[in-house]
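Breakdown of the fold
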Amino acid sequence: MTIARALTIAGSDSGGGAGIQADLKTFQELHVFGMSAITAVTAQNTVGVQGIYPLSVEAVLQQIDSIGLDLGTDAVKTGMLFSPEIIYGVAAKIREYAWTNLVVDPVMIAKGGSKLLQDEAVAAMKNELFPQALVVTPNMPEAEVLTGMTVRTLDDRKEAAKRLVDLGVKHVVMKGGHEEGTSQIVDLLYDGSAFVEFPSHKVLTRHTHGTGCTFAASITAEVAKGSSVIDAVAIAKNFIHAAIEDSLELGAGHGPTNHWAYRQRLNASAESRKKGRLE
Ligand SMILES: Nc1ncnc2c1ncn2[C@@H]1O[C@H](COP(=O)(O)OP(=O)(O)OP(=O)(O)O)[C@@H](O)[C@H]1O
Ligand SMILES: Cc1ncc(COP(=O)(O)O)c(N)n1
């Protein structure tokens, strides 16, 4: 049996909804062996970020080497990278190990408003990581910072996606979670030549902590298994939708999503198909 492997390079979220914790839960749910290199430890829960403790560049790179020199990986996801120094180091390691299945979630600000990426790190991300990326998954505020343009409408998002592809990114998924005044959310995939829309209804909930991490981790897991990017995004969209819809109602603020909801739904439909055959 071949086991697909995925590595997440991201921050730790003590609250378990975002960051490394969300990524590893997602990898596991999608039957991918998950590994991690932690960039920063955050003290965090559903009401906010209480502390950020970045690791040294040496500590981050040593974790990556531990994986690169032994276990290897089929795909890599980056999340909270915090500083330009960490980005330069991570980008060099990804180049060194020739890891081409790279999904970059350009995490900048937590739901509660805390900065997870220093301002001076944006240029490093664009110059060092984007040219190596198979997929980049900005939300609308991140797309604005990355392109310098206002991103409100679907047409804005199309233009922003084009600008990101111009930086060397192979596929952009412009997430629509921040679109206002709509009952639908459309995530937009662009591969440099065509746009594919992934629509869903908007779930009315405050429990959306870590949606971006979970979505990008699902893409990473599927790419690790050998899926095309378009198929990976389709599964990721279903995974995150189930995780948001079947929420766990934890914490007093923006609660985490339900990482086992997708599997539970798959099991339930397999069960009812089996029952149908037996009847
Ligand atoms: N209320 C919602 N209902 C349904 N899907 C949602 C909702 N909010 C977000 N999503 C989905 O979750 C994924 C992440 O989208 P979003 O734009 O919220 O990213 P994000 O802001 O980076 O997430 P976060 O910063 O919370 O981790 C997308 O696939 C989006 O369609
Ligand atoms: C360690 C870490 N990584 C990423 C996020 C973004 O998730 P969100 O925007 O939902 O807070 C986070 N809060 N913490």
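Cut-offs applied
Residues numbered from 1 in each chain as written. Chains lettered and ligands numbered in written order. Predicted model: local features only at pLDDT ≥ 70, side-chain atom pairs only at ≥ 80, totals over all residues. Heavy atoms only, no water. Pairing = 2+ DSSP bridges. Helix = DSSP H or I, 4+ residues; strand = E, 2+ residues; numbered from the N terminus. Near = heavy atom within 4 Å. Polar contact = N/O pair within 3.5 Å; in protein donor to acceptor, adjacent residues only side chain to side chain. Areas by Shrake-Rupley, 256 points an atom, 1.4 Å probe, with all protein chains shown as cover. Core = buried A, V, L, I, M, F, W, Y, C linked by side-chain atoms within 4.5 Å. Buried < 20%, exposed > 50% of the residue type's maximum accessible area, 1.4 Å probe, protein only. Contact = heavy atoms within 4.5 Å. Axes fitted to C-alpha atoms, helices over the stretch in contact; angles between N-to-C directions. Nonpolar A, V, L, I, M, F, W, Y, C, P; charged D, E, K, R; others polar. UniProt positions renumbered as here; feature names shortened; annotations may be inferred. Right-handed = clockwise from strand over helix to strand, strands pointing away. Salt bridge = Lys/Arg side-chain N within 4 Å of Asp/Glu carboxyl O. Phe/Tyr/Trp six-rings, centres within 6.5 Å; stacked < 30°, edge-to-face > 60°. Lys NZ or Arg CZ within 6 Å of the ring centre and 35° of its normal.

**Side note on the pairing of strand β3 (residues 48-54)**
Every regular strand shows the same layout, with side chains that alternate between the two sheet faces. In this structure, strand β2 (residues 33-45) lies alongside β3, joined through 6 bridges in antiparallel fashion. Following the sheet pairing, V41 is matched in β3 by Y53. Once β2 ends, the chain turns through 2 residues before running back antiparallel as β3.

**Overview of the site of ligand 1**
Taken together, 20 residues surround ligand 1, and among them K111, K175, H178, D187 and G212 come closest. One of the side-chain nitrogen or oxygen atoms of T211 is found 3.0 Å away from an oxygen atom of ligand 1. The side chain of K237 places a nitrogen or oxygen atom 3.0 Å from an oxygen atom of ligand 1. For ligand 1, the protein covers 93% of the area, taking 620 Å² as the surface of the free molecule.

**As for the nonpolar core**
The biggest cluster of nonpolar side chains holds 42 residues, and the ones touching the most others in it are I64, V90, L129 and F130. The element contributing the most residues to this core is helix α3 (residues 84-96), with 5 residues. When sequence neighbours within four positions are dropped, the list of residues in contact with F130 reads V104, M125, V136, L146, L164, L167, G168 and V169. A216, A217, I219 and V233 belong to the second largest nonpolar core, which has 30 residues in total.

**Considering the sheet that holds strand β1 (residues 5-13)**
One open sheet holds the 9 strands; their spatial order is β3-β2-β1-β4-β5-β6-β7-β8-β9, and the pairing between them is mixed. Two strands close off the open sheet at either side, each with one partner strand: β3 and β9 (195-201). Here 2 bridges tie strand β6 (residues 135-136) to strand β7 (residues 171-174), and the two strands are oriented parallel to one another. Bridge assignment links V136 to a residue of β7, and that residue is V172. Most of the contacts of helix α8 (residues 229-245) go to β9, to which it runs at about 15°, and overall it touches β6, β7, β8 (184-190) and β9.

**Considerations on the site of ligand 2**
The full set close to ligand 2 counts 15 residues, and G11, Q44, K111, H209 and G210 are the nearest of them. Q44 places a polar side-chain atom, nitrogen or oxygen, 2.7 Å from a nitrogen atom of ligand 2. For ligand 2, an oxygen atom lies 3.1 Å from a polar atom in the backbone of K111. Grouping the amino acids of the shell around ligand 2 by side-chain chemistry returns 7 nonpolar, 7 polar and 1 charged.

**Side note on the UniProt feature "domain: Pyridoxamine kinase/Phosphomethylpyrimidine kinase" (unreviewed entry) in the chain**
UniProt's feature table lists "domain: Pyridoxamine kinase/Phosphomethylpyrimidine kinase" (unreviewed entry) at residues 13-258, given in the numbering used throughout. Spanning residues 13-258, this segment combines 40% helix with 20% strand, and its end C-alpha atoms are found 15 Å apart.

**Digging into the pairing of β2**
With 9 bridges connecting them, β1 and β2 associate as parallel partners. The residue bridging L7 from the neighbouring strand is M35, located in β2. For the handedness criterion, the β-α-β arrangement of β1, helix α1 (residues 19-29) and β2 is classed as right-handed.

**Points about the pattern of salt bridges**
Considering all chains together, one arrives at 15 salt bridges under this definition. Between E179 and R157 there is a salt bridge, with its nearest N and O atoms 3.0 Å apart. Of this pair, E179 sits in the loop between β7 and β8 while R157 is found in helix α6 (residues 154-165), placing the two residues 22 residues apart along the sequence. A residue is classified by how much of its surface remains accessible, and E179, at 15% relative accessible area, is buried. With a closest N to O distance of 2.9 Å, R265 and D246 form a salt bridge. Residue R265 is found in helix α9 (residues 261-278), and its partner D246 is found in the loop between α8 and α9; the two are separated by 19 residues along the sequence.

**Focus on the packing of aromatic side chains**
Two descriptors summarise a pair of aromatic rings, namely the distance from one centre to the other and the angle between the planes of the rings. As enumerated under the stated definition, the model contains 3 aromatic pairs in all. Here the aromatic rings of F239 and Y262 are separated by 5.3 Å at their centres, their planes lie at 40°, and the arrangement is tilted. Taken together, the residues span a long stretch of sequence, with F239 in helix α8 and Y262 in helix α9 at a distance of 23 residues. Of note, K158 hangs over the ring of F195, and the distance from its end group to the ring centre comes to 5.3 Å.

**Some words on the side chain of K77**
Tracing the backbone through its elements, the reader meets K77 in strand β4 (residues 75-78). For K77, a relative accessible area of 0% translates into the label buried. Among the polar contacts listed, one links the side chain of K77 to the side chain of D23, at a separation of 2.9 Å. Residues contacting K77, with those up to four places away along its chain left out, are L7, T8, I9, D23, V103, D105, C213, A216, A217 and T220.

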